[in-house]
Amino acid sequence: MWSQRMRESVFVDDPGGIVADTAEAARPGTVILAHDVGPKDRLVCIDNLREIIKAVRARGFEFATVSELLAAADPAPATAT
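Reading guide: rules and limits
Residues numbered from 1 in each chain as written. Predicted model: local features only at pLDDT ≥ 70, side-chain atom pairs only at ≥ 80, totals over all residues. Heavy atoms only, no water. Helix = DSSP H or I, 4+ residues; strand = E, 2+ residues; numbered from the N terminus. Buried < 20%, exposed > 50% of the residue type's maximum accessible area, 1.4 Å probe, protein only. Contact = heavy atoms within 4.5 Å. Lys, Arg positive; Asp, Glu negative; His and termini not counted. Charge placed at Lys NZ, Arg CZ, Asp CG, Glu CD. Salt bridge = Lys/Arg side-chain N within 4 Å of Asp/Glu carboxyl O.

Draft legend 1. Representation of the overall build of the protein in the model. Secondary structure assignment for the protein yields four helices and two strands. If you list the helices and strands of the protein from N to C, you get β-α-β-α-α-α. Projected onto its principal axes, the C-alpha positions of the protein cover 60 × 25 × 15 Å. When the 81 residues of the protein are sorted by exposure, 21% land in the buried category. Restricting the contact set of the protein to residue pairs at least 6 apart, pairs at least 24 apart contribute 71%. Separation between the mean location of the 9 positive side-chain charges and that of the 12 negative ones in the protein comes to 2 Å.

Draft legend 2. Structural view of the pattern of salt bridges. With the rule as written, the count across this model stands at three salt bridges. With a closest N to O distance of 3.5 Å, Glu8 and Arg5 form a salt bridge. Look at Arg5 and you get partly exposed, because its relative accessible area is 36%. We note a salt bridge from Glu51 to Lys54, for which the minimum N-O separation is 3.3 Å. Note that Glu51 and Lys54 are positioned in helix H3 (residues 49–58) at a spacing of three residues, about one turn of the helix.

Take it as geometry only, folks, not as evidence of what the structure does.
Written out as structure tokens, the structure is:
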């Protein structure tokens with residue numbers, strides 16, 4: 001259920017790069033995948049998560065859970081009158 005994967009292996013030694021790349025890729029409704037375990041090349045996003053969040057918010061985005069996104073996309077059932 002994700003639509004954007006952080007490109008950790010490209011930015012192993014470039015924390016600013018992973019921040020800029022992830023923030024720039026964000027779009028309304030994007031679900032971003034970030035690994036929280038694994039070798040060093042997978043942890044660059046978690047190690048820089050605070051800055052990634054700041055950069056995404058600076059672009060005007062808000063964060064939501066997947067459940068919140070799904071609920072917002074599912075219209076309320078019509079009520080009988």
